Amino acid sequence: MPKPSVLDPQGAATAEAIKHLGYEQIGRVRVGKSIEIELPGEADEAKLHEVARDLLSNPVIEDYTLEVLK
Amino acid sequence: MKFAVVRFPGSNCDQDCFHALKEFPGATSEYVWHKDSSLAGFDAVIVPGGFSYGDYLRCGAIARFSPIMKSVKEFAANGGLVIGICNGFQILCESGLLPGALVRNRGLHFICEHVHLRVEQTDTAFTNAAQPGSVLHVPIAHGEGCYFADDATIAKLNAEKRILARYSDADGQVTDRANPNGSRENIAGICNEGRNVFGLMPHPERACDPLLGSIDGRVIFQSILNWSTSPARQAA
């Protein structure tokens, strides 16, 4: 997700579109991305954090959360 | 002086750079494929614009892992001159050679137009041919050109005089109206601490031929040539 301090014009535009649909009671909208990685074996979470930090996200502008689903 | 023009899959300003450099006496250039790993014999490196790897994930995020980038980092660490233009600037930021990041333009649209740039520093390898405070008329062509860095980084860039160009109006006034993409402090181009790596979103190589409406971009390439051939620099 973009850090709160980073301008997110996509989020702002999406918020406007949601209001156009008649849903006025919404707050700030942020647009990020979700990346699914399939693992044939056990998840090496330390390695996955490294991948998330060094490639999948850019720490200058984005925060990430890692979730391992069974 | 021999320039390396790095080509990634999706680079599309490599030929523009190559063509622009032909007009400068003393400059030769050669393409370097992203899978190459040597920059031996080159005096400067250009990381050109385009859409390396289709801008997948984030602009410049994948290109950073190309074999040639390891050599570009070494080249820069040894004091070699590196200039990244547009996507090249994004790649240099993703690589950690320059601080900050380029995010989506505040207006969301891809912008392709001529803008004005005020040259902020003229004692650098990339801007020494410009007059202090001069205004260049050059094109931009990007969707993700909004420069972002945290407050501490911006303060450091200012204190160290590393912001080399800002978006301005034709008179050199740096205003929000003259900011095409929402960049912090109208930043269009910055250099690293060593002042040998420069990244900018505008395209000086597209403003070197009178047929293209402006030759203001020449000043950037002329500066690089001046710098590398200056006897004082050679001695230092």
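Here the structure is a predicted model, which is why all the values come from computation and not from measurement.

### Considerations on the overall build of chain A
In step 1: A count of helical and extended segments in chain A gives 2 helices and 0 strands.
In step 2: Its C-alpha atoms give chain A principal-axis dimensions of roughly 45 × 30 × 15 Å.
In step 3: Scored against the burial criterion, the 70 residues of chain A give a buried share of 7%.
In step 4: A separation threshold of at least 6 residues defines the contact pool for chain A, and within that pool the share at least 24 residues apart is 33%.

### What to know about the overall build of chain B
In step 1: In terms of helices and strands, chain B carries 6 helices and 11 strands.
In step 2: Its C-alpha atoms give chain B a radius of gyration of 16 Å, near enough to 18 Å, the size a compact globule of 236 residues would have.
In step 3: With the principal axes as the frame, chain B shows a C-alpha extent of 45 × 40 × 40 Å.
In step 4: Across the 236 residues of chain B, 54% fall into the buried class.
In step 5: Here the analysis covers contacts within chain B between residues at least 6 apart in sequence; of these, 77% occur between residues at least 24 apart.

### Comments concerning the interface of chain B and chain A
In step 1: The interface is formed by 14 residues belonging to chain B together with 9 residues belonging to chain A.
In step 2: Of all the elements in the fold, those that place two or more residues in the side of chain B that touches chain A are strand E5 (101–103) and strand E8 (146–148) of chain B.
In step 3: Classifying every residue of the side of chain B that touches chain A by side-chain character gives 7 nonpolar, 3 polar and 4 charged.

### Quick notes on the environment of His203(B)
Residue and element names in this part refer to chain B.
In step 1: As for its position among the elements, His-203 is in the loop between strand E11 (197–200) and helix H5 (218–229).
In step 2: Judged by local crowding, His-203 falls into the buried class, with 25 C-beta atoms found within 10 Å.
In step 3: For the pair His-203 and Val-138, spaced 65 residues apart in sequence, the C-alpha to C-alpha distance is 6.4 Å.

### A short note on the nonpolar core
Residues and elements named next belong to chain B.
In step 1: In terms of nonpolar packing, the biggest core is built from 75 residues, with Ala-4, Val-6, Val-45, Ile-46, Val-82, Leu-102 and Ile-224 touching the most fellow members.
In step 2: Counting residues per element, this core draws most heavily on H5, which supplies 6 residues.
In step 3: When sequence neighbours within four positions are dropped, the list of residues in contact with Val-6 reads Val-32, His-34, Val-45, Ile-46, Val-47, Pro-48 and Ile-68.

### Notes on helix H3 (residues 87–94) of chain B
Since the α-helix packs 3.6 residues into each turn, any two residues three or four apart lie on the same face.
Residues and elements named next belong to chain B.
In step 1: With 8 of 8 residues buried, H3 lies mostly within the body of the structure.
In step 2: Those residues of H3 that fall on the buried side of the exposure criterion are Asn-87, Gly-88, Phe-89, Gln-90, Ile-91, Leu-92, Cys-93 and Glu-94.
In step 3: Residues of H3 that are buried make contact with strand E3 (44–47), strand E4 (81–85), E5 and E11.
In step 4: Taken from the residues just after H3, Gly-96 is the one with a positive phi, measuring 85 degrees.

### Things to note about unusual backbone geometry
Across the chain, the bulk of peptide bonds are trans and the bulk of non-glycine residues have phi less than zero.
In step 1: One non-glycine residue, Tyr53(B), lies in the positive phi region at around 50 degrees.
In step 2: With respect to the element layout, Tyr53(B) can be found in the loop between E3 and helix H2 (67–77).

### Overview of the sheet that holds E4(B)
Strands in a sheet are paired, the pairing made by backbone hydrogen bonds, and the direction either parallel or antiparallel.
All names here are of chain B.
In step 1: Here we have 9 strands laid out as an open sheet, ordered E2-E1-E3-E4-E11-E10-E9-E6-E7, and mixed in their pairing. Of all the strands in the sheet, the pair left with one neighbour each is strand E2 (28–33) and strand E7 (135–142). With strand direction ignored, the average angle separating the axes of adjacent strands in the sheet is 25 degrees.

### Section: the pairing of strand E9 (residues 163–168) of chain B
The side chains of a regular strand alternate, first on one face of the sheet and then on the other.
Residues and elements named next belong to chain B.
In step 1: Counting buried positions along E9 yields 6 of 6 residues, so the element is predominantly enclosed.
In step 2: Here strand E6 (residues 111–119) runs beside E9; their pairing, made up of 4 bridges, is antiparallel. Counterpart to Leu-117 in the pairing with E9 is Tyr-167.
In step 3: Sheet topology places E9 next to strand E10 (residues 187–191); 3 bridges connect them, and they run antiparallel. When the bridges of E10 are listed, Arg-166 appears paired with Ile-187.

### Focus on the environment of Lys33(A)
Residues and elements named next belong to chain A.
In step 1: In this fold, Lys-33 is placed in the loop between helix H1 (9–20) and helix H2 (45–56).
In step 2: Of the residues examined, Lys-33 has 12 C-beta atoms within 10 Å and is grouped as exposed.
In step 3: The sequence separation of Lys-33 and Glu-67 amounts to 34 residues, and the corresponding C-alpha distance is 14 Å.

### Quick notes on the confidence of the model for chain B
In step 1: Per-residue confidence for chain B gives a mean pLDDT of 96, with 97% of residues at or over 70.
In step 2: Across the interfaces of the predicted complex, the ipTM metric reaches 0.85, alongside a pTM of 0.94.

### Side note on the environment of Leu225(B)
Residues and elements named next belong to chain B.
In step 1: Among the secondary structure elements, Leu-225 is positioned in helix H5.
In step 2: Among the residues examined, Leu-225 registers 21 C-beta atoms within 10 Å and is labelled buried.
In step 3: When the C-alpha atoms of Leu-225 and Cys-93 are compared, they prove to be 24 Å apart, with 132 residues separating the residues in sequence.
In step 4: Those residues in contact with Leu-225, other than ones at most four positions away along the chain, are Met-1, Phe-24, Gly-26 and Ala-27.

Calculation criteria
- Residues numbered from 1 in each chain as written.
- Chains lettered and ligands numbered in written order.
- Predicted model: local features only at pLDDT ≥ 70, side-chain atom pairs only at ≥ 80, totals over all residues.
- Helix = DSSP H or I, 4+ residues; strand = E, 2+ residues; numbered from the N terminus.
- Buried ≥ 20, exposed ≤ 12 C-beta atoms within 10 Å, placed from the backbone.
- Contact = placed C-beta atoms within 7 Å.
- Rg over C-alpha atoms; globule rule 2.2 N^0.38 Å.
- Nonpolar A, V, L, I, M, F, W, Y, C, P; charged D, E, K, R; others polar.
- Core = buried A, V, L, I, M, F, W, Y, C linked by C-beta atoms within 7 Å.
- Pairing = 2+ DSSP bridges.
- Axes fitted to C-alpha atoms, helices over the stretch in contact; angles between N-to-C directions.
- pLDDT = per-residue confidence, 0-100.

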